[in-house]
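# Summary of structural features
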Amino acid sequence: MRQVLEGVKEHWEIVEAANGREAVAKARDLRPDLIIVDFVMPVMDGLTAAREIVALLPDTPILMHTLYSTPQLGLEAGKLGVRKMVAKSDSSVLVSAVEELLNAHPPESVRTATEPAPSATVDLTRRTEDKIRTLCTQLFVTPDDKAHAPMVAELQDALHRHIEQLRRSVAKYPVVVERRVRNGVRLPNVPAQDSASKEHNRASNVVPMTAPTSEDKTREG
């Protein structure tokens, strides 16, 4: 990738990072004009790195150049601040994509000064999700089966923590106590009917099914 970019634009200065965490550190120190990340990267995956870079440099464009280019990944990357995704199978458009982002006007900052920072609960959930995604990525790219066992154990622990966090979040929602069932669908806050009303409704909904009489057949004819 570096050879392709430098071969087209010699004045572009390109700095490489060995993993996602180093990419975040170099972005903070060097403040580049553009950042290119992959999805699968050691130590920290591209989505996590992109979110941390956006928090540091909200106006710096981020491009994801990955082998695993899917609509789902593109949607998730866009939510985290990635402005463009280029598949490695279509590297011919990489240079034009870089030029497009460098020449584009910077969008509004992801978070304005008046917006509140994420709560401690949201931040903890994000860190757990990042850990799960990073471990899944490492399992995917690690060929040594012996190295999988500690990763799986760590992943299992992270999943348990995430489930408990979700349970605590769900427990905060109000509980509707008074419910009744109508036609198999639960309706909230519907007053209960007395037995006389139920019998009346049941009787009014009954349609007698009888065999047609000779008079009915003559009328139909």
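The paragraphs below set out a description of the structure included in this document. Everything quoted here is computed from the prediction, not taken from an experiment.

Cut-off values and rules
- Residues numbered from 1 in each chain as written.
- Predicted model: local features only at pLDDT ≥ 70, side-chain atom pairs only at ≥ 80, totals over all residues.
- Heavy atoms only, no water.
- Buried < 20%, exposed > 50% of the residue type's maximum accessible area, 1.4 Å probe, protein only.
- Helix = DSSP H or I, 4+ residues; strand = E, 2+ residues; numbered from the N terminus.
- Arc of directions from axis to C-beta.
- Contact = heavy atoms within 4.5 Å.
- Polar contact = N/O pair within 3.5 Å; in protein donor to acceptor, adjacent residues only side chain to side chain.
- Pairing = 2+ DSSP bridges.
- Axes fitted to C-alpha atoms, helices over the stretch in contact; angles between N-to-C directions.
- Parallel < 35°, antiparallel > 145°, perpendicular 65-115°, else oblique.
- Left-handed = near helix turned anticlockwise from the far one by under 90°.
- Core = buried A, V, L, I, M, F, W, Y, C linked by side-chain atoms within 4.5 Å.
- Salt bridge = Lys/Arg side-chain N within 4 Å of Asp/Glu carboxyl O.

## A look at helix 4 (residues 71-80)
Three or four residues apart is the spacing at which side chains of an α-helix point the same way, because the helix has 3.6 residues per turn. Those residues of helix 4 not exposed but buried are L73, A77 and L80. Buried residues of helix 4, viewed axially, fall in a sector of 60°; they line one side. With respect to the buried face of helix 4, the exposed residues turned more than 90 degrees away are P71, Q72, L75 and K79. As for helix 4, its buried residues are in contact with helix 3 (46-56), strand 2 (62-66) and strand 3 (84-87).

## Things to note about the side chain of N19
Summarising the element assignment, N19 is placed in the loop between helix 1 (2-8) and helix 2 (20-30). Among the residues examined, N19 registers a relative accessible area of 17% and is labelled buried. Within the local environment of N19, its side chain forms a polar contact with the backbone nitrogen of R21, the two atoms lying 3.1 Å apart. Sequence-distant contacts of N19, that is, excluding residues within four places in its chain, are made with P42 and V43.

## A short note on the sheet that holds strand 3
Taken in spatial order, the three strands make up an open sheet running 1-2-3, and their pairing is parallel. Looking at strand neighbours, the two that pair on one side only are strand 1 (35-37) and strand 3, the edges of this open sheet. Going from strand to strand, the sheet's axes swing by 25° on average, the running direction of each strand aside. As paired elements, strand 2 and strand 3 share four bridges and run parallel to each other. Bridge pairing in strand 3 places T66 opposite A87. Lying over the sheet, helix 5 (residues 94-103) contacts strand 1, strand 2 and strand 3, oriented at roughly 165° with respect to strand 2.

## Notes on the packing of helix 3 against helix 4
Each packed pair of helices is defined by two parameters, the angle between the axes and the distance between the axes. Following both chains from N to C, one finds helix 3 and helix 4 inclined at 20°, their axes separated by 9 Å at the closest point. Taken as axis vectors, helix 3 and helix 4 run roughly parallel relative to one another. As helix 3 packs across helix 4, the resulting crossing turns out to be right-handed. Judged by residue contacts, L47, A50, R51 and V54 of helix 3 engage L73, E76, A77 and L80 from helix 4.

## Digging into the nonpolar core
Most often, soluble globular proteins keep nonpolar side chains buried together rather than apart. Judged by nonpolar contacts, the single largest core of 20 residues is most densely connected at L47, I62 and M64. Counting only elements with at least two residues in this core, the list comes to helix 2, strand 1, helix 3, strand 2 and helix 4. Beyond its immediate sequence surroundings of up to four residues, I62 is in contact with I35, V37, A50, I53, V54, G81, V82, R83, K84 and L101. One finds W12, L94, V95 and A97 within the second-largest nonpolar core, a separate group that totals eleven residues.

## Structural notes on the pattern of salt bridges
The full count for this structure, using the stated rule, is eight salt bridges. Among the salt bridges present, the one from E100 reaches K84, with a minimum N-O distance of 3.5 Å. In this pair, E100 sits in helix 5 while K84 sits in strand 3, placing the two residues 16 residues apart along the sequence. Judged by its relative accessible area of 27%, K84 falls in the partly exposed class. Between R161 and D157 there is a salt bridge, and its shortest N-O distance comes to 2.4 Å. Of the two residues, R161 and D157 are both situated in helix 7 (residues 148-171); the distance of four residues between them amounts to about one turn of the helix. Using a relative accessible area of 37% as the deciding quantity, one classes R161 as partly exposed. Each of R2, E6 and E16 takes part in salt bridges that share partners, so that together they form one network.

By themselves these figures say nothing about function.
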